[in-house]
There are 2 protein chains.
Amino acid sequence: MIELTQRDQIVLEAIINDYIETGEPVGSRTISKRSAMNVSPATIRNVMADLEEMGLLHQPHTSAGRIPTVKGLRLYLDSIMRSRQLGGHEKERIRDALQNRPQDITELLRGTSRLLSQYCRQAGVVLWPKLSIASFKHIEFLRLGPFDIMVILISKAGFIHQTHIESKEEIAQAELDKYSLYINEILRNVPLSRVNQRIREEMESEKALFDRLFSRALQIVNRAIQYAIEDSEIYIEGQTNLLDNPEFAHVEQMRRILQAFEDKSKMIRLLDETLKASTGIQIVLGTEGELLREWQEMSLVSAPFRRGDTPLGVLGVIGPLRMDYSRIIPIVEFTAEFLSQMLEIADEG
Amino acid sequence: MIELTQRDQIVLEAIINDYIETGEPVGSRTISKRSAMNVSPATIRNVMADLEEMGLLHQPHTSAGRIPTVKGLRLYLDSIMRSRQLGGHEKERIRDALQNRPQDITELLRGTSRLLSQYCRQAGVVLWPKLSIASFKHIEFLRLGPFDIMVILISKAGFIHQTHIESKEEIAQAELDKYSLYINEILRNVPLSRVNQRIREEMESEKALFDRLFSRALQIVNRAIQYAIEDSEIYIEGQTNLLDNPEFAHVEQMRRILQAFEDKSKMIRLLDETLKASTGIQIVLGTEGELLREWQEMSLVSAPFRRGDTPLGVLGVIGPLRMDYSRIIPIVEFTAEFLSQMLEIADEG
DNA sequence: TTTAGCACTCTTTTGGGGTGAGTGCTACCA
DNA sequence: TGGTAGCACTCACCCCAAAAGAGTGCTAAA
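In this text, all values refer to a predicted model and were calculated from it rather than measured experimentally. (Residues numbered from 1 in each chain as written. Chains lettered and ligands numbered in written order. Predicted model: local features only at pLDDT ≥ 70, side-chain atom pairs only at ≥ 80, totals over all residues. Heavy atoms only, no water.)

Peer 1: Explain the protein's contact with DNA strand C to me, please; I cannot follow it from the model alone.
Peer 2: Near DNA strand C there are 22 residues, and of these Arg7, Thr43, Thr62 and Ser63 of chain A together with Ser28 of chain B occur at the shortest range. Protein-proximal atoms of DNA strand C, defined as those within 4 Å of the protein, fall in sugar or phosphate at a share of 75%. One of the side-chain nitrogen or oxygen atoms of Arg7 of chain A is found 3.0 Å away from a phosphate oxygen of DNA strand C. In the model, a base oxygen of DNA strand C is placed 3.3 Å from a nitrogen or oxygen of the Arg45 of chain A side chain. For the surface near DNA strand C, the secondary structure elements donating two or more residues are helix H3 (41-53) of chain A together with helix H3 (41-53) of chain B. (Near = heavy atom within 4 Å. Polar contact = N/O pair within 3.5 Å; in protein donor to acceptor, adjacent residues only side chain to side chain. Helix = DSSP H or I, 4+ residues; strand = E, 2+ residues; numbered from the N terminus.)

Here is the structure:
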């Protein structure tokens, strides 16, 4: 662990603050003038040289100021920065924006993503992962063709998932209706993650033994839920906000970043990982996450939202390494918290 | 109407072809060498001067070549250009890409959009407008709370629409189940556009008079379908392809264009208009469409897809004014045609 | 330990001259 | 009279050199 003196910390923080604000390399003069402590540029230069030796700062070229390295940012985030508290009316603004959303959960999530993007002036992202945590509410079978069944699965929170299943034998709508009646009965409120188990139990019970048809229904449900569980939705909004950042002025970088957004499956994996990794706010900086390899100059601030203790999904903000973390972190934190509350309510019906 | 001599046309076409290829202003020398007719640059220059006077060409600065104006492009598209025929294996490629799509209609449409974007190396777009043309397949009511009902509407083509409805009186799930049974019966295969009428008929019939409950159900359906009809889905893919075009090298332009994409409602209106306007391929150039005002340097090639004679939606390609229309037009045309066929099949179940 | 001073480095900006592509015009030719 | 050759002219673009500016490292002094 790196040991920093009090002054080292102050200088590092001042440099990072200034860099976050301007995006330019920061010189010793600036720090000397801005920072509260009265020391000359020359002194600052000595400190800076030390910090550079520790790998916390970096000099683009000999006669330029310093910019923080990823390592420096990390240290800053972990042990120096104090998050601003969100003001009351800022919280109000977030609450308002989410509460006035239509009740359709898809729109709620998309709206959350948009809110984050607008409020932080970066790209906002919401991952609603797999229904694995959701509870069963309703299932419906529709016959599309002799062997072709559409399965519509609805979770308690109101999320819809549709799957197509091919049946091996011909099947009538009337039969399907019987299935759904039966299945809706036995699976009511069962968490999707336990549906599998519940079905196994059911199939071992007498009823299923008597009726081959119902066991077929159960198999279909099993498959449908398998698909549903593997499916995730991701909502990325406000990508164009990133264009405002001077660090992405070059078209080349821009392309790389926007292309990364187009590959949703990779984004899903990345966010999914952060979901598993932590229960609180999490920050992934450029080179740190393996999956961010494509855009080393980017950074992700994310927080899970949950029902009770069970995480449901992740939301966050994606932007350049140079972001106003002290502002963005509390926003992300609060939004996650508030979204959790909203979902709690939505799930009680 | 502008009258062009044979030679004027040949020169205009040659200029546009060269411009489409290179993106640079075209000089008289180039045309003189490339074009089949043996005339000197000086002669070409005279013709060019004429064309410029007619407003078909434009000179960025005194000592540069000419580029076609929107008016020139329009004339070219309307009366000079001959579309290339699509080769058999090109058609095959499109067929393959669409046929191997999952049967989920959302994925089919998104896939079509992606196909167009990849194949034309521009942005692809598919509008699935309003269910107004679709036929009723199935409806399902789910009780979310005492007064809160989720209505799930499924069209024959497999499109799902969910709406939340607030009921004035408390309502039980058992009751809702009765509703859906009844309504699924009376609305089977009715085009959504005629549901309204059908419901009115039903409400006037004896049955409804006897049962206040069912008339309530009908009202709920009516509202749900109202919402559904006003809803459209738009799938835009491959936006980053646009970054490859040298004309968008400047970040400013890029931002404006990508921002226009983010405002989906405007895109929907634009495409919706082309759907109403024409039954065949349609090209909107920069300044022509009012809605394209934000990006005058863009152009849209679109074609409706349909079932029988009824248009279902629009698909197309969005790119710079300088696009290889002779290639893109037949691609868009064929894709629309083939998608229509696929939907025809999907709708038969 | 801090500071002032100074030489040095490297980027960025500015301006001017050269180059090349392309034009418009005029005179000439079939 | 339509086409062509020639020529002067106009710009945009590139290159280079010089100047400006920001910031550093080092040394010597407080």
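So, next bit.
Peer 1: Help me understand the protein's contact with DNA strand D, please; the structure alone is not making it clear to me.
Peer 2: In the vicinity of DNA strand D, 21 residues are found, and the nearest of them are Ser28 of chain A together with Arg7, Thr43, Thr62 and Ser63 of chain B. Between Arg7 of chain B and DNA strand D, the recorded distance is 2.6 Å, taken from a side-chain N or O atom to a phosphate oxygen. Note that a phosphate oxygen of DNA strand D is positioned 2.9 Å from one of the side-chain N or O atoms of Thr62 of chain B. Contributions of two or more residues to the surface near DNA strand D are made by H3 of chain A together with H3 of chain B.

Peer 1: Just checking my understanding: could you explain the domain arrangement of chain A for this structure?
Peer 2: When the parts come together, some accessible area is lost, and that loss is often what is quoted as the size of the interface. Residue and element names in this part refer to chain A. The domains assigned to chain A are domain 1 (6-80), domain 2 (88-129 + 232-346) and domain 3 (134-230). The centre of domain 2, based on its C-alpha atoms, is set 34 Å off from the matching centre of domain 3. Here domain 2 packs against domain 3, burying approximately 560 Å² in sum over the two surfaces, 62% of which is carbon and sulfur. For the pair domain 2 and domain 3, the interface holds zero salt bridges. Inspection of the domain 2/domain 3 interface yields zero residue pairs in polar contact (both at pLDDT 80 or more). For the side of domain 2 that touches domain 3, the leading source of residues is helix H6 (residues 105-120), giving three residues. Residue composition of the side of domain 2 that touches domain 3, grouped by class: five nonpolar, two polar and one charged. (Domains from an automatic or database assignment. Buried area = accessible area lost by both parts, 1.4 Å probe. Salt bridge = Lys/Arg side-chain N within 4 Å of Asp/Glu carboxyl O. Nonpolar A, V, L, I, M, F, W, Y, C, P; charged D, E, K, R; others polar.)

Peer 1: In this structure, what is going on with the sheet that holds strand E6 (residues 160-166) of chain A? I would like to understand it.
Peer 2: Each strand in a sheet pairs with its neighbour through backbone hydrogen bonds, running either in the same direction (parallel) or in the opposite one (antiparallel). Residues and elements named next belong to chain A. With antiparallel pairing, three strands are arranged side by side in an open sheet as E4-E5-E6. Only two strands of the sheet have a single partner each, and these edge strands are strand E4 (136-145) and E6. Neighbour-to-neighbour, the strand axes of the sheet open up by a mean angle of 20 degrees, direction not taken into account. (Pairing = 2+ DSSP bridges. Axes fitted to C-alpha atoms, helices over the stretch in contact; angles between N-to-C directions.)

Peer 1: Looking at this structure, I do not really get the side chain of Ser340 of chain A. What am I missing?
Peer 2: Along the chain, the position of Ser340 of chain A falls in helix H13 (residues 325-346). Discounting chain neighbours no more than four positions away, the residues touching Ser340 of chain A are Phe305 and Arg306 of chain A. (Contact = heavy atoms within 4.5 Å.)

Peer 1: Honestly, the sheet that holds strand E5 (residues 148-155) of chain B in this entry has me stumped. Any pointers?
Peer 2: Residue and element names in this part refer to chain B. If you trace the three strands from one edge of the open sheet to the other, you get E4-E5-E6, paired in antiparallel fashion. Single-partner strands in this sheet number two, and they are strand E4 (136-145) and strand E6 (160-166). Taking each pair of neighbouring strands and ignoring which way they run, the sheet shows an average axis angle of 20 degrees. As judged from the eight bridges shared by E4 and E5, these two strands associate in the antiparallel manner. Bridging across to E5, His138 finds its partner in Ile154. With respect to the sheet, helix H7 (residues 173-187) is in contact with E4 and E5, its orientation differing from that of E4 by roughly 170 degrees.

Peer 1: I tried to follow the pattern of salt bridges on my own but got confused; where do I start?
Peer 2: Any two side chains of opposite charge can pair, given that their charged atoms come close. Evaluated as defined, the whole model comprises 29 salt bridges over all chains. Across the pair Glu92 of chain A and Arg95 of chain A runs a salt bridge, and its minimum N-O distance is 3.1 Å. On the criterion of helical spacing, the pair formed by Glu92 of chain A and Arg95 of chain A is a turn pair, its members being three residues apart in helix H5 (residues 88-99). Judged by relative accessible area, which is 27%, Arg95 of chain A ranks as partly exposed. Of the charged contacts, one joins Arg114 of chain B and Glu237 of chain B as a salt bridge, the two residues approaching to 3.6 Å between their closest N and O atoms. Placement of the pair is Arg114 of chain B in helix H6 (residues 105-120) and Glu237 of chain B in strand E7 (residues 233-237), with a sequence separation of 123 residues. Glu237 of chain B gets classed as buried once you look at its relative accessible area, which sits at 16%. In this structure, a network of salt bridges that share partners links the residues Glu107, Arg110, Arg114 and Glu237 of chain B. (Buried < 20%, exposed > 50% of the residue type's maximum accessible area, 1.4 Å probe, protein only.)

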